[in-house]
Protein chains: 2
Amino acid sequence: MNQRVTIVENILSANDRLAAQNRLLLDQAGIFSLNFMASPGAGKTSLIERTLQAIADQLGIAVIDGDIATSLDADRAAAAGARAVQINTGGECHLDAVMLKDALDRIDLEGIDLLIVENVGNLVCPASFQLGTHKSVLIASIPEGDDKPYKYPGMYRGVDALVINKIDLLPYVPFNMDYFRSGVEVLNPGLKTFPLSCHTGEGLQSWLAWVIHEIEARRNQ
Amino acid sequence: MNQRVTIVENILSANDRLAAQNRLLLDQAGIFSLNFMASPGAGKTSLIERTLQAIADQLGIAVIDGDIATSLDADRAAAAGARAVQINTGGECHLDAVMLKDALDRIDLEGIDLLIVENVGNLVCPASFQLGTHKSVLIASIPEGDDKPYKYPGMYRGVDALVINKIDLLPYVPFNMDYFRSGVEVLNPGLKTFPLSCHTGEGLQSWLAWVIHEIEARRNQ
């Protein structure tokens, strides 16, 4: 009766062990790492592009892109100045620590200060798999609607920062920011949030300041 | 070595058997059924509301809503005139045939012409699980971006109709419709598409005409 549960637990615990190894590797290399998670089309790749455009001249940045298919996202990250590797999950709906380890083996980490891992676009499954990254960032977006924290609590509960993207669309879609924020606050009290627009650039400064602050805090540890 | 593969195959084949039973039950009850799939926030619930507002006075409509948590969507469907049942998947990232069977057991199907099943918001996992419904409908949305067919091919390949929602946002976001449609055409040649806006109502007539046509075609079989 419990066979299925047991197998899943074993997979997760193997994954957590590998995630701890990934973290060790990143710590030893002095790299701060972020796990970007979001619905499809919320703006993960655009936020990576904006971040690279702003700070890739001062810092070494690597990007590992997870997708079901194509290398479109890694191509965009490489064009914006990152050392980029694509993981094609071949149908899997999330990244796991094994996939990240394989990708880390394929990338030259010398001189890298920041690693951004772009997870598969999915508001459910990636929340269950630790990768070993230092902080998890959820990118929500205005046109997704203000009810998402209530309907996808697992994802909102587990993250360290929340980007609220596409605020330039607020005049055109129904979105009650107070209702949205109340849902977030219940699940993840005091969560750091960054309302911004990758399209217009509004609000990006706070986000960039947080990223740089986190990189420096890790350096001084 | 092959244990994991075998277990997954067994689960899928059990699911397919139950899906066939669901189909038989729906056919015997004379009900046409749709499986709505989409990213979180693409507009599945809004399309259900619009459909109900337009035809619930002529036809009996039932809605089964799948979500990780809450009954927000079923509440909206019930308010718009449907017989509605909520499935809370408790963390599962998709509906399967067992969940649909349980929901069908809880709903009075007498006098129902159309059943709409709203799957969990997810552009990956629901594509792998047959439910037994007659047609699958993918709801894409303009702010998700024009690259989604390329990045989530499994979902685009398997559906019978594609709604392109939020066309009212086309002036405000970068979206190349030719690029989007080329990706769709490669994966699913000749796929029926319905560009529309649930927000403004533009384009809804073609969608409604198709739904009514499919219900009548099934009645005359």
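Residues numbered from 1 in each chain as written. Chains lettered and ligands numbered in written order. Predicted model: local features only at pLDDT ≥ 70, side-chain atom pairs only at ≥ 80, totals over all residues. Heavy atoms only, no water.

An account of the sheet that holds strand β1 (residues 32-38) of chain A is needed here, citing residue identities and associated values.
Sheet strands associate in pairs through backbone hydrogen bonding, adopting either a parallel or an antiparallel arrangement. All names here are of chain A. The seven strands lie next to each other as β3-β2-β4-β1-β5-β6-β7, forming an open sheet whose pairing is parallel. Strand pairing shows two members of the sheet lacking a second neighbour, β3 (83-88) and β7 (192-195), which therefore form its edges. The sheet shows a mean angle of 20° between the axes of neighbouring strands, taken without regard to direction. Pairing of strand β5 (residues 135-141) with strand β6 (residues 161-165), which is carried by five bridges, proceeds in the parallel orientation. (Pairing = 2+ DSSP bridges. Helix = DSSP H or I, 4+ residues; strand = E, 2+ residues; numbered from the N terminus. Axes fitted to C-alpha atoms, helices over the stretch in contact; angles between N-to-C directions.)

Hey, could you go over the interface of chain A and chain B for me, with residue numbers and the actual values?
Between chain A and chain B, the contact holds 39 residues from the first and 40 residues from the second. Taken together, the two surfaces of chain A and chain B that pack against each other cover about 2,700 Å², and 62% of this comes from carbon and sulfur. A per-residue breakdown of the area chain A buries against chain B is headed by P40, K151 and Y172 of chain A, which together make up 21% of the total. A salt bridge links K151 of chain A to D73 of chain B; its shortest N-O distance comes to 2.8 Å. Counting across the interface, chain A meets chain B through six residue pairs in polar contact (both at pLDDT 80 or more). (Contact = heavy atoms within 4.5 Å. Buried area = accessible area lost by both parts, 1.4 Å probe. Salt bridge = Lys/Arg side-chain N within 4 Å of Asp/Glu carboxyl O. Polar contact = N/O pair within 3.5 Å; in protein donor to acceptor, adjacent residues only side chain to side chain.)

Can you explain the nonpolar core? Please cite residues and give values.
Among the nonpolar cores identified, the biggest contains 48 residues, and Y156, L162 and F180 of chain A together with Y156, L162 and F180 of chain B are the most heavily contacted of them. Excluding anything up to four places from it in sequence, Y156 of chain B contacts L138, A140, K148, P149, L162, F180, V184, L187 and N188 of chain B. (Core = buried A, V, L, I, M, F, W, Y, C linked by side-chain atoms within 4.5 Å. Buried < 20%, exposed > 50% of the residue type's maximum accessible area, 1.4 Å probe, protein only.)

Tell me about the relation of the copies chain A and chain B, residues and numbers included.
When chain A is fitted to chain B, the best match, at an RMSD of 0.0 Å, comes from turning it 180° and sliding it 0.0 Å along the axis. Given the turn and translation reported, the copies of this chain are related as if by a two-fold rotation axis. A share of 100% of the interface residues of chain A reappears at the interface of chain B, consistent with the copies meeting face to face through the same patch. (Least-squares fit on C-alpha atoms with pLDDT ≥ 70 in both.)

Can you break down helix α2 (residues 44-55) of chain B residue by residue, with the values?
The α-helix advances 3.6 residues per turn, and as a result positions three or four apart in sequence lie on the same side. Here α2 of chain B contains twelve residues, and its C-alpha end-to-end distance of 17 Å stays within 8% of the 16 Å for a straight helix at 1.5 Å per residue. Within α2 of chain B, burial applies to K44, T45, L47, I48, E49, T51, L52 and I55 of chain B. (Expected span 1.5 Å × (residues − 1).)

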